[in-house]
Amino acid sequence: MTDTLTTNPDQAGDDQQGVRPLHQGGGANQLRVRAYNERLVLSLVRRNAGLSKADIARLSGLSAQTVSVIMRALEKDGLLMRGEPVRGKVGKPKVPMALNPDGVYSFGLKIGRRSAELILMDFVGTVRRSLKEAYKYPTPDSIRQFVRDSVGKITSTLSAAQQARIAGIGIAAPFELWNWGEEVGAPIEDLNAWREVDLIDTIGTIVPFPVFQQNDATAACGAELVFGLGPTYSDFAYFFIGSFIGGGVVLNQALYAGRTGNAGAFGSMPVSSRSGHPSQLIDQASIFVLEEMLTRDGRDPAMLWRDPDYWSQLGKTLDIWINHTARSLAIAITSVCSVIDFEAVIVDGGFPTDVCDRVVAATRAAISELDLQGIERPHIEQGRVGSAARAIGAASLPLFSRYLLDQNVLFSKG
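K.L.:
Any chance you could break down the overall build of the protein chain for me, citing the residues and the numbers?
P.N.:
Along the protein chain, the regular secondary structure elements total 14 helices and 14 strands. For the protein chain, the proportion of its 414 residues judged to be buried stands at 55%. Contacts in the protein chain between residues at least 24 apart in sequence constitute 67% of all its contacts with a sequence separation of at least 6.

Shown next, in the form of structure tokens:
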């Protein structure tokens, strides 16, 4: 890279495939979209905490003078912060730089088929506030009210200066929310209401900052790539077990969308049902399957979404669900790795960490019983981001759109 990078136009993110902002700036948000080289510096610091000015100049190919000017501007705007000088044997001490956690905030909204979650996240990915609501199924009106109330509650705890640093709100929601009505037990007319809803426009009428949207499983995969095990593996397949299982594909440390944006739609993969008949993974390794089992046992499945401690009370029913989920996952993982030689497969889900521990352990055991001749067994890892991965991925959308260069981490064709 050379200083010719300064001739590149600002990259506002609104042309990114699959993620469309409603508007830029205005309202509570006073922070401008950063110019290309400013975003380059912020991206380098994000990926390599503790870089000095000299390190940034070397990695970026920009001149030391250009880097100094950019860093002074970013410090002045509160986006970068200095660490304690590190003194070497010769020369001036190095001053490590880091993103200022309070430099930018963003909201992340997860809309699921059984619950919604709104988080406020800072510039380094720490969740500052989180509000959740469980329901039998989502309706446009209930989601509007949840967002209106939750954004109001959270922003009321922020100072005017903090509110001015909100970059936007990202939405993580399943594509075609109106599908699978029978599985979630929702009246078809209520789910069909989603056919006429543009979430970006709808949420944009409620909040005074830019709005972005991404598929929920893709957003979760992006969160794992940025804040979880992503730096450890160049290529991995990602499975997120929610009400319905979904996933994502990472190649060369970037999300891969595919021709139609449907890469990683692992829920549609063919597996075997318990009776041995052909089925889809979504019907064998999703939480709604556990809900049906609990209903048959005369227990309230809604508690899965209302009380995390409820999972520890499920006993044998949970054991059976985990074992069957793991067998189905093992078959799907083997199929995925026969197409792409993934180094790792990461599994996460909308349940407590100890349940995820058990799912991953059972999947490792199940795959060891399969015939893997001709393929290399991948590392099967538990996701580090956890049940909030979809909301965290959503909250990352405004940050990557407006302040960072490596947008292919989260922006894929939808």
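K.L.:
Summarise the pattern of salt bridges; cite the residues concerned and give the values.
P.N.:
As enumerated under the stated definition, the model contains nine salt bridges in all. Between R128 and D102 there is a salt bridge, with the nearest N and O atoms lying 2.8 Å from each other. In this pair, R128 sits in strand β5 (residues 127–134) while D102 sits in the loop between β2 (97–99) and β3 (105–111), placing the two residues 26 residues apart along the sequence. By relative accessible area, R128 is classed as partly exposed at 35%. D102 gets classed as partly exposed once you look at its relative accessible area, which sits at 33%. In this structure, D319 engages R358 in a salt bridge whose closest nitrogen and oxygen atoms are separated by 2.4 Å.

K.L.:
Tell me about the environment of T202, and please be specific about residues and values.
P.N.:
Counting through the fold element by element, T202 comes out in helix α8 (residues 199–204). For T202, a relative accessible area of 14% corresponds to the buried category. Filtering out sequence-adjacent residues up to four positions away, T202 remains in contact with R144 and V197.

K.L.:
Please provide a residue-by-residue account of the packing of aromatic side chains, values included.
P.N.:
Taken as a whole and assessed by the stated rule, the structure comprises eight aromatic pairs. Taken together, a centroid distance of 5.7 Å and an interplanar angle of 20 degrees make the contact between F107 and F209 stacked. With a gap of 102 residues between them, F107 in strand β3 and F209 in the loop between α8 and β7 (211–215) connect regions that are remote in the sequence. With relative accessibility at 0%, the residue F107 sits in the buried group. Taken together, the ring pairs connect W311, W321 and F351 into an aromatic cluster.

K.L.:
A description of helix α9 (residues 216–227) should follow, citing residues and the corresponding values.
P.N.:
Spanning twelve residues, α9 covers 16 Å between terminal C-alpha atoms, matching the ideal 16 Å at 1.5 Å per step. Extensive coverage of α9 is indicated by the burial of eleven of its twelve residues. The set of residues buried in α9 consists of D216, A217, T218, A219, A220, C221, G222, A223, E224, L225 and V226. You can read the cap of α9 off the contacts: a side-chain oxygen lies 3.1 Å from the backbone nitrogen of A217, and it is on N215.

K.L.:
Residue-level account of the packing of α9 against helix α14 (residues 389–402), with values.
P.N.:
For the pair α9 and α14, the least separation of the axes is 7 Å and the interaxial angle reads 75 degrees. Compared by their axis directions, α9 and α14 come out roughly perpendicular. In this structure, α9 uses D216, A219, A220, A223, V226 and F227 to contact α14, whose residues at the interface are A389, R390, I392, G393, A394, S396 and F400. Residues belonging to the contact of α9 with α14 are distributed by class as follows: nine nonpolar, two polar and two charged.

K.L.:
I'd like a rundown of the pairing of strand β8 (residues 236–241), residues and numbers included.
P.N.:
Among the six residues in β8, six count as buried, and that is most of the element. Burial along β8 is two-sided: F236, Y238 and F240 and A237, F239 and I241, pointing in opposite directions, are all buried. Both β8 and strand β9 (residues 245–251) contribute to a ladder of six bridges, which runs antiparallel. Bridging across to β9, I241 finds its partner in I245. The antiparallel pairing of β8 with β9 creates a hairpin that spans three residues between the two strands. Across six bridges, the pairing between β8 and strand β13 (residues 344–349) is parallel. Counted as the bridge partner of F239 is V347 from β13.

K.L.:
How would you explain the sheet that holds β8 if you had to name every residue and give the values?
P.N.:
Taken together, the five strands give an open sheet; going across it, the order is β10-β9-β8-β13-β14, and neighbouring strands pair in mixed fashion. Of all the strands in the sheet, the pair left with one neighbour each is β10 (254–255) and β14 (379–382). Packed onto the sheet, helix α13 (residues 353–367) meets β8, β13 and β14 and runs at close to 170 degrees relative to β14.

What counts, and where the lines are drawn
- Residues numbered from 1 in each chain as written.
- Predicted model: local features only at pLDDT ≥ 70, side-chain atom pairs only at ≥ 80, totals over all residues.
- Heavy atoms only, no water.
- Helix = DSSP H or I, 4+ residues; strand = E, 2+ residues; numbered from the N terminus.
- Buried < 20%, exposed > 50% of the residue type's maximum accessible area, 1.4 Å probe, protein only.
- Contact = heavy atoms within 4.5 Å.
- Salt bridge = Lys/Arg side-chain N within 4 Å of Asp/Glu carboxyl O.
- Phe/Tyr/Trp six-rings, centres within 6.5 Å; stacked < 30°, edge-to-face > 60°.
- Expected span 1.5 Å × (residues − 1).
- Polar contact = N/O pair within 3.5 Å; in protein donor to acceptor, adjacent residues only side chain to side chain.
- Axes fitted to C-alpha atoms, helices over the stretch in contact; angles between N-to-C directions.
- Parallel < 35°, antiparallel > 145°, perpendicular 65-115°, else oblique.
- Nonpolar A, V, L, I, M, F, W, Y, C, P; charged D, E, K, R; others polar.
- Pairing = 2+ DSSP bridges.

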